[in-house]
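# Notes for the structure review
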Amino acid sequence: MSPEIRRDYLLERYAIFAPSRGRRPSDFKVVSASEQDNSRCPFCPGKEDQTPMATYVLLEEDGKIKVTRDEEGKARVTGWLVRAFPNLYPAFSSELSQLTVPPEGVPVPESAYGYHEVLVESPIHNQHFWLAPERQTQLVLRAVLDRVESFSKDGKVRAIMPFRNHGREAGASLSHAHTQIVASSFVPPILAQEDQVFSSGRSLSSVASKEELSDRHIYSNDQYVAFASWAGVTPYSFMIVPRQQSPTPVGIDLKPLSDVLRKTLGALHDILNDPPFNLVWHISPLPWSEHPKFHWHIEVYPKLSIWAGYELGSGTYINVVTPESAAQYLKAAVEKGS
Ligand SMILES: [Zn+2]
Ligand SMILES: [Zn+2]
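Note that the structure is predicted; figures quoted are calculated from it, not measured.

What follows concerns the sheet that holds strand β1 (residues 4–7). Strands sit in the order β1-β2-β14 across an open sheet of three strands; the sheet is mixed. Edge positions in the sheet fall to β1 and β14 (316–319), since each of these pairs with one other strand and no more. Across this sheet, the average inter-strand angle for adjacent strands is 25 degrees, counted without regard to direction. Taken together, the four bridges between β1 and strand β2 (residues 14–17) define a ladder with antiparallel strand orientation. In the sheet register, glutamate 4 faces β2, and the bridge partner there is phenylalanine 17.

Below, the structure is given as structure tokens:
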């Protein structure tokens, strides 16, 4: 195949497919992104004092799931199933100090107002949410959406992005299973561009129904379609799109989402030996009622290549695996796993 350029479904972003030879998953030399050694892990049970106070805790009491949090002056809540707390090194903060005014002629920074939380997905160090028992996967999704809903009530917050860095190469500084959530008064440009495209009438529902019939299709259930992105910027990247358009996932039925995430991330894990990856939730800017056409979705970017000079300098990404080839392996692994 000779190299070809493809434009993203939504963004002014391009990928160049330059597969030099038929790259199979086994051609990527991947070291498993999970780490077994948890001796110094501050997210493991018993180390609650090593993190900031939990803002949200799920635990089981008398056979029922209960939401609680740590309280000032009291011992940290133990026996938790999911636990969220502010990131020790936040990118956004709701407690801002005065910014230093720069000399004249120098750009003036704005305060990075918002929240940056860590959500520990399980008391078990390596129990990543797609590999956990189904009930735990759903508890993690519930916790993520509860936190998203809670941040959405701060009138200064304009964008909320949950994301997952899996493995050191994908930016995870701690290996314990965790998701992060950033809520900011700033709307990141990718969300703003997607919002503009959705407002102009572009429909991800029609993209999803076409991709479902294409050779990029990976897996579908009655509510979601997963497919390798037509112009994916990393090898094996894919999208999970709800069939029904909505600006936000808050309030959805968790079971079908749990199903599609478990199947697709499980397949990625199986064919590439637990590769590092990033996962992001693209949710509408706030207030959601003013962005009725935004179509929330999830994007997954395996970390199998390095964005180097050409990528960083041009905003155009060279990808050595076509989405058609990636989908073929992922789809086969989903079918084998189920
Ligand atoms: Zn741990
Ligand atoms: Zn997106």
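Attention shifts here to the environment of glycine 266. Structurally, glycine 266 can be placed in helix α4 (residues 254–272). The exposure class assigned to glycine 266 is partly exposed, which follows from the 16 C-beta atoms found within 10 Å. With 136 residues separating them in the primary sequence, glycine 266 and tryptophan 130 have C-alpha atoms 6.5 Å apart.

A word on the nonpolar core. Counting 71 residues, the largest nonpolar core has Leu119, Ile218, Ala226, Phe227, Phe238, Leu268 and Leu330 as the members making the most contacts within it. A per-element tally of this core places α4 first, with eight residues. Once residues within four sequence positions are removed from consideration, phenylalanine 227 is found in contact with Glu211, Arg216, His217, Ile218, Phe238, Met239 and Ala327. In terms of nonpolar packing, the next biggest core, distinct from the first, is built from five residues, Ala15, Phe17, Ala231 and Tyr317 among them.

Overall, antiparallel pairing links the 11 strands, which are arranged β4-β3-β5-β6-β8-β7-β12-β13-β11-β10-β9 in an open sheet. Strands with a single pairing partner mark the edges of an open sheet, and in this sheet they are β4 (64–68) and β9 (217–220). With direction set aside, neighbouring strand axes in the sheet form an average angle of 20 degrees. Looking at chain direction, strand β7 (residues 159–166) and strand β12 (residues 277–282) are connected through four bridges and run antiparallel. The residue bridging phenylalanine 163 from the neighbouring strand is valine 280, located in β12. Helix-sheet contacts for helix α1 (residues 134–152) involve β3 (56–61), β4, β5 (80–86), β6 (114–120), β7 and β8 (178–184), and the interaxial angle to β5 is about 30 degrees. Against the sheet, helix α3 (residues 204–212) makes contact with β9, β10 (224–228), β11 (238–242) and β13 (297–302), and its axis sits at roughly 65 degrees relative to β10, the strand it touches most.

Moving on: the pairing of β12. Within a regular strand, side chains alternate between the sheet's two faces. Burial analysis of β12 places five of its six residues in the buried class, the great majority of the element. For β12 and β13, the ladder comprises six bridges, and the chain directions are antiparallel. Within β13, the residue paired with valine 280 across the bridge is glutamate 299.

For the pair α1 and α4, the least separation of the axes is 9 Å and the interaxial angle reads 110 degrees. It follows that α1 is roughly perpendicular to α4 by the angle criterion. Between α1 and α4 the crossing geometry is right-handed. Mapping the contact onto sequence places Glu134, Thr137, Gln138, Leu141 and Arg142 in α1 and Leu254, Lys255, Leu257, Ser258 and Arg262 in α4. Partitioning the contact of α1 with α4 into residue classes produces three nonpolar, three polar and four charged.

Cis geometry marks the peptide bond from leucine 286 to proline 287; its omega dihedral reads -10 degrees. Inspection of the secondary structure puts proline 287 in the loop between β12 and β13. Unlike most non-glycine residues, asparagine 273 shows phi in positive territory, near 60 degrees. Positionally, asparagine 273 belongs in the loop between α4 and β12. A count of 14 C-beta atoms within 10 Å places asparagine 273 in the partly exposed class.

Quick look at helix α6 (residues 323–337) now. Taking 1.5 Å of rise per residue, the 15 residues of α6 would be expected to cover 21 Å, and the 21 Å separating its terminal C-alpha atoms lies within 8% of that figure. Here α6 has its buried residues at Pro323, Ser325, Ala326, Ala327, Tyr329, Leu330, Lys331, Ala333 and Val334. Taken together, the buried residues of α6 touch β9, β10, β11 and α4.

Below, the discussion takes up the packing of α4 against α6. Two elements in contact, α4 and α6, have axes separated by 8 Å at closest approach and are oriented at 105 degrees. When the interaxial angle is binned, α4 and α6 end up roughly perpendicular. Judged by residue contacts, Lys263, Thr264, Gly266, Ala267, Leu268, Asp270 and Ile271 of α4 engage Tyr329, Leu330, Ala333, Val334 and Gly337 from α6. Among the residues forming the contact of α4 with α6, the class breakdown is seven nonpolar, three polar and two charged.

Criteria and cut-off values
Residues numbered from 1 in each chain as written. Chains lettered and ligands numbered in written order. Predicted model: local features only at pLDDT ≥ 70, side-chain atom pairs only at ≥ 80, totals over all residues. Pairing = 2+ DSSP bridges. Helix = DSSP H or I, 4+ residues; strand = E, 2+ residues; numbered from the N terminus. Axes fitted to C-alpha atoms, helices over the stretch in contact; angles between N-to-C directions. Buried ≥ 20, exposed ≤ 12 C-beta atoms within 10 Å, placed from the backbone. Core = buried A, V, L, I, M, F, W, Y, C linked by C-beta atoms within 7 Å. Contact = placed C-beta atoms within 7 Å. Parallel < 35°, antiparallel > 145°, perpendicular 65-115°, else oblique. Left-handed = near helix turned anticlockwise from the far one by under 90°. Nonpolar A, V, L, I, M, F, W, Y, C, P; charged D, E, K, R; others polar. Expected span 1.5 Å × (residues − 1).

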